[in-house]
Each structure stands twice: as C-alpha cells, then as structure tokens.
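One-letter residues, chain by chain:
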Amino acid sequence: MKYAIVTGDSRGLGEAIAQKFLEKGIHVIGVSRTYNQELEKFAQKKEANYSHIKCDFSDTDDLAQGIDKVMYVAFQSDAEFVYLVNNAGVIEPIQTVGDLDANLVYKHLQVNVTTPMLFINRLLKEANEQQVKARIINITSGAAERSVHGWSVYGAGKAAINRFTQTIALEQEQAGNDHKVIAYSPGVVDTDMQEEIRSTNESAFADVYKFKEMKEEGKLRTPENVAKVLMDVLDQSSTIENGKIYKLYDLIQE
C-alpha cells in the first residue's frame, strides 16, 4: 500500500497535489488546520482513501501530537511506500528588516522551516525501522536563491529548506538507503498566498506591482497544472536525482 502525507492540503497547491495522488489510488493523509470536504468527495469518486489530521503547525505541542498521529496512520502493516509533501507555508512577514514583527518571524520559521524538518526527521526514522521506501518533496521558492525586497524571512527559510534537502540526500546515500528527497520550486501559482502578496503595501514589498500585473495578464499558473508537473517527476522514480532542486520552468515546454 502506498501512502502520501500532504501538509497544507486544505486549499491551493496542497489540495491539487492531494488530488493527483488520489487519482492514482494512493491513500492521502492531509494535514492542516481545516478539513477539506471537497477532497473527501473527490476520494470517494475515485474510490480512494483520504484521511485528515487536524494540526496547527505554529503550535509546538500541537505539531508534535500531529506528527505522532500522521505516522501512526501512514505506517500501517501494509505500508510499502510513503510520500511526504511538505507544502504548508506562510508568507508573512512581508516587511523590510528593521520593521519586522518578532512574533510573525517566530511563527514563520516554525511553520516553514521547523515543521518540515520535524516531519522528515520522524518519517525517515519510521521508514528505516519498518523498511518502507520514502519519497520526500519539499516545496521551495526561487526566493531561496535571489534576494527579494521585503521577503528576507521567506527567502531565508526556503534557502534553509533547500540546504536541508541536499544534506538529507547526502546522508541517505552514504547510509545506503533507498529514500529520495527533492525540493520543488513551482514558480508563481494562483493561490490565496498570491492574494496576500498583492495586498501588501509597496513600502514593505517594492515589487508588488509585478505580481499585480501577472494576475491581470493571466500569467499565474493554476495549482492543478503545477501539481501535474510534480507528479510527472515522481512518476519517473528511477531517474529522480536525490537532493535536486527541481524548478517548474526547467520542466515545462512553453
């Protein structure tokens, strides 16, 4: 049996990725604060299994309990293969350094950096102990590799995830394990996060006008299309390059 853990499955890209797994008959375990009834209906239509674990990633205790519950569901006796997609994330604070809100910085790093690290740590422990193959996908961003005005915290967090991804790959290969971990940079996707970005004041984010223009000109990619590109990568399991930062724009034909 194959299982797929998808964090932040309540909407946007996480929901689209979960749907792609369900289409393949893979048991999806969604993890978010809000239950996605549409995913449950979609799973029933596809005759697939969908479970949901309610979890607030910004709450340390709730995160620890949530990880326990997720691993209990994913590592049943019939588990042969487990995917983990660390998709959940926040964009705030969008602000220049010197005016950052400390509480928002703490929350951001907890959700965007600490949460995926702890999920991966536990997943690999369980996978190694139970001899289950793992495939880990960390959703990243181009902001990890270039400086964006107002996005210091977001860019730093994604850069940390990229390095974490590459280090895990190195460790697993040296240990002789058959687990693979990659990062996936989806580009600019038409999600609620983009709405949040477009509502930012220009003094906090100098490039906000560019994102408004992309929306007006219909240049944002749909979550469904972005999820399909990721699944095409995962379908070619034997050629996945461990530790690689896959970028959507390198994978599509314009």
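Coordinates for the structure precede this section.
All values reported here derive from a predicted model rather than from experimental measurement.

Novice: Lay out the overall build of the protein in plain terms, naming residues and giving numbers.
Specialist: Across its full length, the protein holds nine helices and seven strands. Taken over the C-alpha trace, the protein has a radius of gyration of 18 Å; the compact-globule value for 254 residues is 18 Å, and the two agree within 12%. Dimensions along the principal axes, computed over C-alpha positions, put the protein at roughly 55 × 35 × 35 Å. Across the 254 residues of the protein, 50% fall into the buried class.

Novice: An account of helix H5 (residues 152–175) is requested, with residue identities and associated values reported.
Specialist: The end-to-end C-alpha distance of H5, which contains 24 residues, comes to 35 Å, matching closely the 34 Å that a straight helix rising 1.5 Å per residue would cover. Those residues of H5 that fall on the buried side of the exposure criterion are Val153, Tyr154, Gly155, Gly157, Lys158, Ile161, Asn162, Thr165, Ile168, Ala169 and Gln172. In the core, the buried residues of H5 are packed alongside helix H4 (102–130), strand E5 (133–139), strand E6 (180–185) and strand E7 (245–247). With its phi angle positive at about 80 degrees, Gly176 sits one or two positions after the end of H5.

Novice: Summarise the nonpolar core; cite the residues concerned and give the values.
Specialist: Ile17, Phe21, Ile137, Tyr184 and Leu234 are the most contacted members of the largest nonpolar core, which has 34 residues in total. Those elements giving two or more residues to this core turn out to be strand E1 (2–7), helix H1 (12–23), helix H2 (37–45), strand E4 (81–86), E5, E6 and helix H8 (223–235). In terms of residues, this core owes the most to one element, H8, which gives seven residues. Residues in contact with Ile17, not counting those within four places in the same chain, are Val6, Val85, Ile139, Ala227 and Leu230.

Novice: Describe H8, and please don't skip the residues or the numbers.
Specialist: For H8, spanning 13 residues, the distance from its first C-alpha to its last is 18 Å, which sits close to the expected 18 Å at 1.5 Å a residue. Restricting attention to buried positions, one finds in H8 the residues Pro223, Val226, Ala227, Val229, Leu230, Met231, Val233 and Leu234. On its buried face, H8 is in contact with H1, E4, E5, E6, E7 and helix H9 (248–251).

Novice: Summarise the packing of aromatic side chains; cite the residues concerned and give the values.
Specialist: On inspection of all chains with the given rule, the structure shows five aromatic pairs. Here Phe81 and Tyr83 contribute two aromatic rings whose centre-to-centre distance is 5.0 Å and whose plane-to-plane angle is 40 degrees, an arrangement assigned as tilted. Look at Phe81 and you get buried, because its relative accessible area is 13%. When the ring centre of Phe81 is taken as origin, the NZ or CZ atom of Lys2, which lies over that ring, is 5.2 Å away. Of note, Lys244 hangs over the ring of Tyr246, and the distance from its end group to the ring centre comes to 4.7 Å.

Novice: Describe unusual backbone geometry, with residues and values.
Specialist: In this chain, Glu92 is followed by Pro93 through a cis amide linkage whose omega measures 5 degrees. By the element assignment, Pro93 lies in the loop between E4 and H4. You will see that Glu47, though not glycine, has its phi angle at about 55 degrees, which is positive. Along the chain, Glu47 falls in the loop between H2 and strand E3 (50–54). With a phi close to 55 degrees, Gln131 is a non-glycine residue in the positive phi region.

The rules we used
Residues numbered from 1 in each chain as written. Predicted model: local features only at pLDDT ≥ 70, side-chain atom pairs only at ≥ 80, totals over all residues. Heavy atoms only, no water. Helix = DSSP H or I, 4+ residues; strand = E, 2+ residues; numbered from the N terminus. Rg over C-alpha atoms; globule rule 2.2 N^0.38 Å. Buried < 20%, exposed > 50% of the residue type's maximum accessible area, 1.4 Å probe, protein only. Expected span 1.5 Å × (residues − 1). Contact = heavy atoms within 4.5 Å. Core = buried A, V, L, I, M, F, W, Y, C linked by side-chain atoms within 4.5 Å. Phe/Tyr/Trp six-rings, centres within 6.5 Å; stacked < 30°, edge-to-face > 60°. Lys NZ or Arg CZ within 6 Å of the ring centre and 35° of its normal.

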